[in-house]
Amino acid sequence: MALAKRRFDTLILGAGGAGLRAALQLSNADARVAVVSKVFPTRSHTVAAQGGVNAALANVVPDNWHWHMFDTVKGSDYLGDQDAIEFMCREAPRIVYELEHFGVPFSRLDSGHIYQRAFGGQSQNFGGAQAARTCAAADRTGHAILHSLYQQNIRSRTHFFDEFFALDLITDDEGAVLGALVLEIETGEPLLIEAKTTLIASGGCGQLFRTTTNAHINTGDGMAMVLRAGVPLEDMEFFQFHPTGIAGKGMLITEGARGEGGYLINKDGERFMERYAPNAKDLASRDVVSRAIATEVREGRGCGPDGDHVMLRLDHLGSDIVAKRLPGIRDTCKTFLHIDPVDSPIPVFPTAHYVMGGIPTDRHGRVVMPARHGPEEMVPGLDAAGECACVSVHGGNRLGGNSLLDILVFGRAAGEDIISYLKENSNHRPINQSSVDKAMTRLERWDQKGDGESVKQVRDDLKKVMEDHCGVFRVEDVMAEGVEELVKIRERMADVRLTDTSRVFNTARIEALELENLVDIGMATMKSALVRQESRGAHSRMDYTERDDKNWLKHTLYFLEDDRIDFKPVRTKPLSVDSFPPKARVY
C-alpha cells in the first residue's frame, strides 16, 4: 500500500503551550499549519502547570524586567545564556497581557489587576526583598492557558492531527529537515507530512524516572528524534527535582503553596529551611530546597514511620485562602492522600519534574549545532520551543514560573521566525526517499514476532537505573555503573517483542516506540552528568561539591553517534545591559 502524504507550510510536533502559541502566530499570518499531537491537545502536559507565569507587572510590589533577569541568571547558576534571558524577561509583560486578551481567566486583586504571588528565587532590586511576580489563575494556570490557546487556534483554523505519534524527522543529504513521518494511532497507518519548516514542541522526558510529576506522555519523543537526525542535545545533566511532590507518589504540590505562606518542617517540627537559606527560607531556589529535604531525610530527621519525607504545612493559612488560591492542591490531597491540607500537613519529597536541557536553539527558536563555521550553525527548516528545547534561559536550574513564560515567549518567537523563513523559502524541497525508508524500517521493526522481553520490564529497569544512579545527589562511580547498565538496556532492546502486533489503536506499539526514545534520552542524561565534574544548579556531585567556573562555565552537547560529548561557550553578553558575572549563589 502506498504511503499517504500531506503537505503544509509548517509542521508542529506537539500541542502544548509552545506548539499552540507558535501555531496561533503562524495561522494568523495565513500559513498552512499542521499540529501533530499524540493526545487531544488540551491533554498536553502544559495543562498540569499549577503555580503561574512570571512577568514584572508590579501589580503587588514594585518590580521591573531587569530584576527578573538577575533572578533568572542567578537561578540558572550562571549557566543561562544572558541574551536569551534578557529577551524573555523583557517580553514577559506583553506575553501576559496577550494571554489576558486571549481569555485566560487570571485570578484578580481587589483593584481588578492580575493577581501575582510570591515564588521561589524571586527578588526585588537584584537580590533584595521577596518579589511577587508570578501571575496565577488560582493553582490551575497551565490549564487556563492551554484551553485558551486551543480555542484561539480553532478560531484561526489551525489543522490538528490529534492522536498521531511522531516517529522520525525526514532530512535530505544536506541535513535540511523536510517534515516528519507520523503514525495515526487509531488505524496504525503511517503518514508522511512534508513541510517547509518543522517546529518541535514535544515537551519533556520525566518518564525517565520512577517518581515524577510528569504525565505518561512525557517520553522525550522530539528530543530523541533530533538525536537520530544527528543533532546533539544540550545540558541534559540538568534535571530538576521539584521539592514538593507527594511522597511516594510524585504528584505535584505547587511552589505556590509555599508562595501563599506554606512552610516545610522535619520530624522535630523545625522549619529547617531557615538553616539552608536564612533569607529566602522556603522560597529559595528549587534545587536548594530539594537538596535540603534530601539532606534532612538522609541525616535522620525525616517524618513518618520510615523517616522518608518531610511535611508541608498549610493549615495555618485558613480554609478561605486554601479554597481560593489552592483549590487544585486541596482536591489532589483529598483524592490521593485522603487528607485536607486545611487540617493536616502534606507529606512531600523531591520528585523528577523538569529537564533544563534539550534541543539547542537560539532565542528565535532556530535549532543550532556545531558545524564547519562555529558552535552554532542553523539546521535548515528546523525550530524547537518549550521544554524539549534548550535556549538556554534556565541554565543549571529553572525558577518556578519561568517554564510557562519560556514556552509562550519562545513559542511566539519561533512562530515569528518561521514566518520570515517562509517568505524566503516558498517552495518545498524534494523529499529524500532514503530518509523515509529509514524511518519506515524503524517502525516495521515492531512487527517482528516471536519470544522476547516485554516493553514493561525494560522500561521499569530503565527507570530504576536512572533513579538509582542519576538522582538528586550524584557521584562518579555510581554514574559510571549507570552508564554500563544503560548500555546493557540498549542491547536488550533488540530482543524486545510485542505480543500484540495488530494495527488498530495498538498502544503497546506506541509504548515500545516511546521506550526507544527514553533509552536514548537516558544515555544523554547519564553521560552528560558523568562528564561534568562540578556541582552547579540541579547537578549536585558529592565528589565535586563546588561550582567550577574556570573549567565548567560551558554547555555540554551529547551526540548519539558513539555517545560523543562536546562543549560550547555560554553566551554571557546580554542584548542591551551589562552582564551579570558569576558570583556565590546565596539565598
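The text that follows walks through the structure, step by step, so that each part is easy to find. (Residues numbered from 1 in each chain as written. Predicted model: local features only at pLDDT ≥ 70, side-chain atom pairs only at ≥ 80, totals over all residues. Heavy atoms only, no water.)

Observations concerning the overall build of the protein chain
Per the secondary structure count, the protein chain includes 16 helices and 22 strands. Its C-alpha radius of gyration of 23 Å places the protein chain within 12% of the 25 Å reference for a compact globule of 587 residues. When burial is assessed residue by residue, the protein chain has 62% of its 587 residues classed as buried. Averaging the coordinates of the 69 positive side-chain charges in the protein chain and doing the same for the 83 negative ones gives two points 3 Å apart. (Helix = DSSP H or I, 4+ residues; strand = E, 2+ residues; numbered from the N terminus. Rg over C-alpha atoms; globule rule 2.2 N^0.38 Å. Buried < 20%, exposed > 50% of the residue type's maximum accessible area, 1.4 Å probe, protein only. Lys, Arg positive; Asp, Glu negative; His and termini not counted. Charge placed at Lys NZ, Arg CZ, Asp CG, Glu CD.)

A look at the sheet that holds strand S5 (residues 130-135)
Strand pairing in a sheet is mediated by backbone hydrogen bonds. Such pairs are either parallel or antiparallel. One open sheet accounts for three strands, arranged S3-S5-S4; its pairing is antiparallel. Strands with a single pairing partner mark the edges of an open sheet, and in this sheet they are strand S3 (53-54) and strand S4 (116-123). Where S4 meets S5, four bridges bridge the pair, whose relative direction is antiparallel. Along S5, the bridge assignment pairs Gln 116 with Cys 135. (Pairing = 2+ DSSP bridges.)

What to know about the sheet that holds strand S11 (residues 239-246)
Spatial strand order, S11-S14-S13-S12: four strands in an open sheet with antiparallel pairing. Strand pairing shows two members of the sheet lacking a second neighbour, S11 and strand S12 (263-265), which therefore form its edges. Taking the axes of each pair of neighbouring strands and ignoring which way they run, one obtains an average angle of 45 degrees across the sheet. As judged from the three bridges shared by S12 and strand S13 (residues 310-313), these two strands associate in the antiparallel manner. The residue bridging Ile 265 from the neighbouring strand is Met 311, located in S13. (Axes fitted to C-alpha atoms, helices over the stretch in contact; angles between N-to-C directions.)

Concerning the packing of helix H3 (residues 82-102) against helix H11 (residues 402-424)
It is the contact of H3 with H11, at a shortest axis distance of 9 Å, that shows an interaxial angle of 90 degrees. Of the possible angle classes, the one that applies to H3 and H11 is roughly perpendicular. Each of Ala 84, Phe 87, Met 88, Glu 91, Ala 92, Arg 94, Ile 95, Glu 98 and Leu 99 in H3 lies in contact with H11, whose residues at this interface are Asn 402, Leu 405, Asp 406, Leu 408, Val 409, Phe 410, Arg 412 and Ala 413. Looking at side-chain class alone, the contact of H3 with H11 contains 11 nonpolar, one polar and five charged residues. (Parallel < 35°, antiparallel > 145°, perpendicular 65-115°, else oblique. Contact = heavy atoms within 4.5 Å. Nonpolar A, V, L, I, M, F, W, Y, C, P; charged D, E, K, R; others polar.)

Points about helix H1 (residues 17-27)
With respect to burial, H1 is a largely interior element, 11 of its 11 residues being buried. Among the residues making up H1, those that are buried are Gly 17, Ala 18, Gly 19, Leu 20, Arg 21, Ala 22, Ala 23, Leu 24, Gln 25, Leu 26 and Ser 27.

A short note on the environment of Cys 390
Within the element layout of this structure, Cys 390 appears in strand S18 (residues 389-390). Residue class for Cys 390 comes out buried when judged on its relative accessible area of 1%. Spatially, the C-alpha atoms of Cys 390 and Tyr 263 are 32 Å apart, while their sequence positions differ by 127 residues. Those residues in contact with Cys 390 that lie beyond four places of it in its chain are Glu 234, Asp 235, Met 356, Gly 357, Gly 358, Ile 359, Pro 360 and Thr 361.

Some remarks on the environment of Pro 278
Turning to its location among the elements, Pro 278 is positioned in the loop between helix H7 (273-276) and helix H8 (286-298). Sequence spacing of Pro 278 and Gln 151 is 127 residues, and the spatial spacing of their C-alpha atoms is 45 Å. With residues up to four places along the chain from it excluded, the contact list for Pro 278 reads Met 273 and Tyr 587.

Observations regarding the side chain of Arg 536
Position of Arg 536 relative to the elements: it lies in the loop between helix H15 (507-531) and strand S20 (540-541). Its relative accessible area of 1% is what places Arg 536 among the buried residues. A polar contact of 2.8 Å, which involves the side chain of Arg 536, links it to the backbone oxygen of Asp 77. (Polar contact = N/O pair within 3.5 Å; in protein donor to acceptor, adjacent residues only side chain to side chain.)

A look at the side chain of Arg 301
Tracing the backbone through its elements, the reader meets Arg 301 in the loop between H8 and S13. Side-chain polar atoms of Arg 301 contact the side chain of Glu 299, separated by 2.7 Å. Sequence-distant contacts of Arg 301, defined by excluding residues within four places in its chain, comprise Asn 266, Lys 267, Asp 268, Arg 275, Tyr 276 and Glu 296.

What to know about the packing of helix H13 (residues 455-469) against H15
At their nearest, the axes of H13 and H15 sit 10 Å apart, and the two run at 20 degrees to each other. When the interaxial angle is binned, H13 and H15 end up roughly parallel. Here H13 runs over H15; the crossing is left-handed. Touching Val 455, Val 458, Arg 459, Leu 462, Val 465, Met 466 and His 469 of H13 are Glu 511, Ala 512, Leu 515, Leu 518, Val 519, Gly 522, Thr 525 and Met 526, all from H15. Of the residues assigned to the contact of H13 with H15, the class counts are 10 nonpolar, three polar and two charged. (Left-handed = near helix turned anticlockwise from the far one by under 90°.)

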